[in-house]
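Remarks on the overall topology
Take a look at the letters that make up each chain.
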Amino acid sequence: MEDNIRIDSHKLIYHPDVVARWLSGENIYPIELEIGLTNACNHRCIFCAVDYTEYKPEKINTDVLKKNLAELSAKGIKSIVYAGEGEPLLHSDAPDIINYTKSLGIDAAVSTNGVLFTPDISNDCLKSLTWIRFSVAGINDFTYDKIQQGKPGDREIVYRNMEEAVRVKKDQNLTTTLGVQMLLLPENKDEAVQMGKELRKIGVDYFSLKPFSQHPQSKHILQVNYKEMLALEEEMKKLETEDFKIYFRAQAMKKLECSRTYKHCWALPFMVYVDARGNLWPCIVFMGKEDLKYGNLNEETFCQIWEGKRRKQINEYFMNMDLEKNCREICRLDEMNRYLDALKNPGEHVNFI
């Protein structure tokens, strides 16, 4: 399997037309949206970044969302990740929303703890997903329960649901990428290899091991020394086959000790976050800070918000914000910002290619 997911990089290089319009000063629409279908969650992971939202049983209005998706499909949006504050499958309309998204020509993906991704759900909407990522903390019940804090027996259910997803993928001859992500912690590092072997046996496409990154608003404070875990990469890589990829995110781990090489968050226009209440945020890191909210889909359409004065004012504020003091340690937009900063501030001899 080729490393074409670029999980520790960015994919703006595949959208030169949008980047060119951005460089020329055009008010571009996002390439990707992340949408939180609900704020509720059936787990209380010890690393959860949005624990401060308190997991209220709010869910996005399906009709409002569909109306806006239809408008956005005409604006060139390419993809939507259903993840966000809670477990997306706790929204009863999640499969329908996923299928509707794909019907509009928009790529859909979902990030889930997997407990509710039952065989029926797989059969219903796996065909509409470009990828699904299961967030799984371990292979042993004790470790899994200690970290994810769900119901007893959840780990077994998740592994069974992953097996069923693999079966559905084969039976329906799908190209959906089935991935598993483990947030690497002292509590689970010693079973990473065992877990990798089991996932390879199950037949998922990849296993990603990522570092913890402190969210500025989170109540969870974890101190993890990733220098001591970097040696694990070599052992994990031995598990790779042509059909099973290991993404050991050493680059992200090393970034925890590095400062940003850019002063502005250039990437804000390319992605946006929509929470379960229909609020639009520049970034999930600032979710809940009302003065930084673009608007709400229950009051205005996405297009009205995106074209509005308030969003422009907020983006101007972000362009003058101290990123080191206000942003997350390992930002999703980091690699995009490095790329865009190089385009905005090219070095010497750029014509000597």
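Placed above this text is the structure.
Residues numbered from 1 in each chain as written. Predicted model: local features only at pLDDT ≥ 70, side-chain atom pairs only at ≥ 80, totals over all residues. Heavy atoms only, no water.

Some remarks on the nonpolar core
Definition in use: The nonpolar core is taken to be a set of buried Ala, Val, Leu, Ile, Met, Phe, Trp, Tyr and Cys residues, with the residues joined through side-chain atoms within 4.5 Å. The buried label goes to any residue with under 20% of its type's maximum accessible area, the exposed label to any with over 50%, and the partly exposed label to all in between, with areas taken from a 1.4 Å probe on protein chains only. Helix and strand definitions here come from DSSP, where helices need a minimum of 4 consecutive H or I residues and strands a minimum of 2 consecutive E residues; each element is numbered from the N-terminal end. Two residues qualify as a contact provided that any one of their heavy atoms is within 4.5 Å of a heavy atom in the partner residue.
Counting residues in hydrophobic clusters, the biggest one holds 109 residues, and the most contacted among them are I35, Y82, F117, L199, F207 and M236. The element best represented in this core is helix α6 (residues 154-171), accounting for six residues. When near neighbours in sequence (up to four residues on either side) are disregarded, M236 contacts A192, V193, F207, L209, I246 and F248.

Looking at empty space enclosed by the protein
The test is simple: Note on definitions: the grid is 1 Å and covers protein atoms alone; a cavity is a set of points where a 1.4 Å probe fits but cannot get out; a pocket is an open set with protein on both sides within 12 Å along at least five of seven lines; lining residues have an atom within 4 Å of a point. Grid points are joined across faces, edges and corners, and a volume is the space filled by probe spheres set on the points.
Under the defined criterion, the tally for this structure stands at three cavities of 30 Å³ or more. Considering only enclosed or pocket space, the largest cavity measures out at about 40 Å³ in volume. Surrounding the largest cavity, C265, L268, C283, F286, F318, C327, C331 and L333 form its lining.

As for the sheet that holds strand β5 (residues 177-183)
The cut-off we apply is this: Strand pairing is defined by DSSP finding a minimum of two bridges between the two strands.
Read across the open sheet, the 10 strands follow the order β7-β6-β5-β4-β3-β2-β1-β8-β9-β10; overall the sheet is mixed. Edge strands, defined here as strands with exactly one partner in the open sheet, are β7 (245-248) and β10 (295-296). Pairing geometry for strand β1 (residues 32-35) and strand β2 (residues 79-82), over four bridges, is parallel. Across the sheet, L33 pairs through a bridge with I80, a residue of β2.

Structural notes on the packing of aromatic side chains
Note the cut-off: Only the six-membered ring of Trp is used, alongside the rings of Phe and Tyr, when aromatic pairs are assigned; centres must lie within 6.5 Å, and planes under 30 degrees apart are stacked while those over 60 apart are edge-to-face, with the rest tilted.
Inspection of every chain in the model, using the stated rule, returns 10 aromatic pairs. Relative to Y247, the ring of Y206 has its centre 5.3 Å away and its plane inclined at 80 degrees; by these criteria the two rings are edge-to-face. Linking Y206 in strand β6 (residues 206-210) with Y247 in strand β7, this pair joins segments that are 41 residues apart in sequence. Taking relative accessible area as the criterion, Y206 reaches 3% and is therefore assigned buried. By relative accessible area, Y247 is classed as buried at 5%. Considering the side-chain rings of Y294 and W306, the 6.0 Å spacing of their centres and the 85 degrees angle between planes classify their relative orientation as edge-to-face. On the criterion of sequence distance, the pair formed by Y294 in the loop between β9 (279-281) and β10 and W306 in helix α10 (residues 302-307) is long-range, its members being 12 residues apart.

Honestly, that's just the spatial picture; any functional story needs more than this.
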